[in-house]
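Here's the letter readout for the chains.
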Amino acid sequence: MTTKTVTASQVHMTELVLPNDTNQLGNLLGGRLMHWIDIAAAIAAQRHSGRVCVTASVDELNFHLPIRLGEVVTLEASVNRAFRTSMEVGVLVTVQNLEDSTPRRANNAYLTFVAVDEAGSPVVIPEIIPETEEQKGRFEDALKRRQMRLAHRRIS
């Protein structure tokens, strides 16, 4: 089994909020942001596994502030931890406007993806090696979240 680094899975995606992306208040639609998050996370999962990956779950999606028309949205995604056939991907969403170029944290999310073969069956994926202290922390936290997910699944 091969291993890969967290850095190898990283995705940086940038989107401009246009009128078609907003609601009546001029704020980015939550569904549009969820779509962008899913795409960034899927690319990170595919970079890690070398396979087509499907979304298995979205654990947590926290909206910290509204994103307005004309703002620039940056999504940073990477695999936090790889398990046998699944992996947790974290996505951080920041926003900038023209007046203040300081990025503001707008959203974060945790998604689980499963790598699949041509028949749609799960396949074993490479282990992941966290390199930085931040990556090591996310690696440890991902295991805790997975244990909570599995416990929740047993209760449901």
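Check the entry above for the structure.
Residues numbered from 1 in each chain as written. Predicted model: local features only at pLDDT ≥ 70, side-chain atom pairs only at ≥ 80, totals over all residues. Heavy atoms only, no water.

A.B. asks: Looking at this structure, I do not really get the pattern of salt bridges. What am I missing?
C.D. replies: Oppositely charged side chains can pair when the atoms bearing their charge come close. All told, the structure shown has nine salt bridges when counted by the stated rule. For Asp21, the salt bridge is made with Arg32, and the minimal N-O distance between the two is 2.7 Å. Placement of the pair is Asp21 in the loop between strand 2 (11–16) and helix 1 (30–49) and Arg32 in helix 1, with a sequence separation of 11 residues. A salt bridge links Arg145 to Glu88, with the shortest nitrogen-to-oxygen separation between them at 2.7 Å. (Salt bridge = Lys/Arg side-chain N within 4 Å of Asp/Glu carboxyl O. Helix = DSSP H or I, 4+ residues; strand = E, 2+ residues; numbered from the N terminus.)

A.B. asks: Looking at this structure, how should I read the environment of Gly137?
C.D. replies: Of note, Gly137 is situated in helix 2 (residues 133–155). For the pair Gly137 and Asp38, spaced 99 residues apart in sequence, the C-alpha separation works out to 23 Å.

A.B. asks: Any chance you could explain the sheet that holds strand 2 here in plain terms?
C.D. replies: Two pairing modes exist for strands in a sheet, parallel and antiparallel, and in both the strands are linked by backbone hydrogen bonds. Ordered by their spatial adjacency, five strands build an open sheet running 2-4-5-6-3, and the pairing between neighbours is antiparallel. Lying at the two open borders of the sheet, with one neighbouring strand each, are strand 2 and strand 3 (52–63). Neighbour-to-neighbour, the strand axes of this sheet turn through a mean angle of 25 degrees, independent of strand direction. The pairing of strand 4 (residues 72–82) with strand 5 (residues 86–96) spans 10 bridges and is antiparallel. Opposite Arg81, over in strand 5, you have Glu88 as the bridge partner. Sheet strands in contact with helix 2 are strand 3, strand 4, strand 5 and strand 6 (104–116), and its direction is about 75 degrees off that of strand 4. (Pairing = 2+ DSSP bridges. Axes fitted to C-alpha atoms, helices over the stretch in contact; angles between N-to-C directions. Contact = heavy atoms within 4.5 Å.)

A.B. asks: In this structure, what is going on with the packing of aromatic side chains? I would like to understand it.
C.D. replies: The relative placement of two aromatic rings is captured by the distance of their centres and the angle of their planes. A full pass over the atoms with the stated rule returns zero aromatic pairs. Over the ring of Phe139 we find Arg81, and its NZ or CZ is 3.8 Å from the ring centre. (Phe/Tyr/Trp six-rings, centres within 6.5 Å; stacked < 30°, edge-to-face > 60°. Lys NZ or Arg CZ within 6 Å of the ring centre and 35° of its normal.)

A.B. asks: Is there a simple way to explain the nonpolar core in this structure?
C.D. replies: One recurring pattern in soluble globular proteins is that nonpolar side chains are buried together. Membership of the largest hydrophobic core comes to 34 residues, with the highest contact counts inside it found for Ile67, Leu75, Met87, Val89, Val91, Val93 and Phe113. Put simply, the parts of the chain that give this core at least two residues each are strand 2, helix 1, strand 4, strand 5 and strand 6. Per-element accounting of this core gives the leading share, eight residues, to helix 1. If we skip the residues at most four places from it in the chain, Val89 touches Ala41, Ala44, Ala45, Ala77, Ser78, Val79, Asn80, Ala109, Tyr110, Leu111 and Phe113. (Core = buried A, V, L, I, M, F, W, Y, C linked by side-chain atoms within 4.5 Å. Buried < 20%, exposed > 50% of the residue type's maximum accessible area, 1.4 Å probe, protein only.)

A.B. asks: Can you help me understand helix 2 in this one?
C.D. replies: At 3.6 residues per turn, the α-helix brings residues three or four places apart onto the same side. Across its 23 residues, helix 2 extends 34 Å between first and last C-alpha, which sits within 8% of the 33 Å expected from 1.5 Å per residue. Those residues of helix 2 that are buried lie in contact with strand 3, strand 4, strand 5, strand 6 and strand 7 (127–129). (Expected span 1.5 Å × (residues − 1).)

A.B. asks: Explanation requested: the side chain of Asn27 in the structure shown.
C.D. replies: When you line up the elements, Asn27 lands in the loop between strand 2 and helix 1. Within the local environment of Asn27, its side chain forms a polar contact with the side chain of Arg68, the two groups lying 2.7 Å apart. Once residues within four sequence positions are removed from consideration, Asn27 is found in contact with Asp21, Thr22, Pro66, Ile67 and Arg68. (Polar contact = N/O pair within 3.5 Å; in protein donor to acceptor, adjacent residues only side chain to side chain.)

A.B. asks: Is there a simple way to explain the environment of Asn108 in this structure?
C.D. replies: On the secondary structure map, Asn108 appears in strand 6. If near-sequence neighbours (up to four positions away) are discounted, Asn108 is found in contact with Glu60, Leu61, Asn62, His64 and Val91. Of the polar contacts made by the side chain of Asn108, one reaches the side chain of His64; its length is 2.6 Å. Here Arg105 takes part through its side chain, which lies 3.1 Å from a polar atom of the side chain of Asn108.

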